[in-house]
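An overview of the molecular structure
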Amino acid sequence: MPHIRNRSTQQPFEIAILATAPVCGILLIVLDVRPQSVEMAMPGPIQAGWESGLIVVGVTGLLGVLWPGRLSTALGIELASVLMLGTITGMYAVALSVVAGRQGIAATSFIVAVAIGSGWRAGQILLDLRRLTRAIRSTEPVGLAAGGTVPTGGGT
């Protein structure tokens with residue numbers, strides 16, 4: 001059986017972003033402040049969803065990274081989180097670029113890098129899940145029929 005290792009704990013940048021996201025979301029809500037680009041480009045309900053999404057992404061992502069149970073469950077939770085993180089940071093990048101234009105190119109570049117990194121990590125997780133599936137299939141006993149019975153050699 002191939003060696004399966006969980007790379008989640010080996011992703012310090014991902015963990016740093018996941019740990020920072022809920023802090024940012026909570027501060028935005030508690031202090032009732034938003035970046036000007038978000039206020040101008042996003043309607044109120046979208047802003048609330050964006051702020052709440054930061055909290056959900058961070059908490060869920062860290063839960064997936066630290067999940068003590070099955071590896072497939074941990075990877076699934078982490079996958080959902082990084083896909084949502086990519087979406088949320090993409091929303092912010094669009095808002096920032098629309099409002100700030102060329103003046104916001106440096107900040108937009110960093111935000112886009114987080115979105116791209118999230119997509120990249122999602123791809124890694126999908127590959128890990130595929131490898132895990134193959135490893136599980138390779139360890140299944142050979143000769144078992146679908147019903148869990150061993151087929152007999154005689155035929156009728």
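These lines cover the structure that appears in this document, whether it is placed above or below. (Residues numbered from 1 in each chain as written. Predicted model: local features only at pLDDT ≥ 70, side-chain atom pairs only at ≥ 80, totals over all residues. Heavy atoms only, no water.)

Some thoughts on the overall build of the chain
Basically, it comes down to this: Only DSSP runs of H or I with at least four residues qualify as helices, and only runs of E with at least two residues qualify as strands; both kinds are numbered from the N terminus onward. Contacts are assigned to residue pairs with any non-hydrogen atoms lying within 4.5 Å of each other. Only the protein chains shown count as covering a residue, and every accessible area follows the Shrake-Rupley method with a 1.4 Å probe.
Broken down by element type, the chain carries five helices and zero strands. The order of helices and strands in the chain, counted from the N terminus, is α-α-α-α-α. Once local pairs closer than 6 in sequence are excluded, the contacts in the chain between residues at least 24 apart make up 70%. As displayed, the chain has an accessible area near 9700 Å², and 68% of this comes from carbon and sulfur atoms.

Quick word on helix α3 (residues 44–66)
Helical periodicity: at 3.6 residues per turn, an α-helix aligns residues three or four positions apart in one direction. The criterion, for reference: How far a helix is expected to stretch is found by multiplying one less than its residue total by 1.5 Å. Each residue's exposure class comes from its accessible area (1.4 Å probe, protein chains only) as a fraction of the maximum for that residue type: buried when under 20%, exposed when over 50%, partly exposed otherwise.
For α3, spanning 23 residues, the distance from its first C-alpha to its last is 33 Å, which sits close to the expected 33 Å at 1.5 Å a residue. Among all positions in α3, only Gln47, Trp50, Glu51, Gly53, Leu54, Val57, Gly58, Gly61, Gly64 and Val65 are buried. Lining the buried residues of α3 we find α1 (12–31), α2 (36–41) and α4 (71–100).

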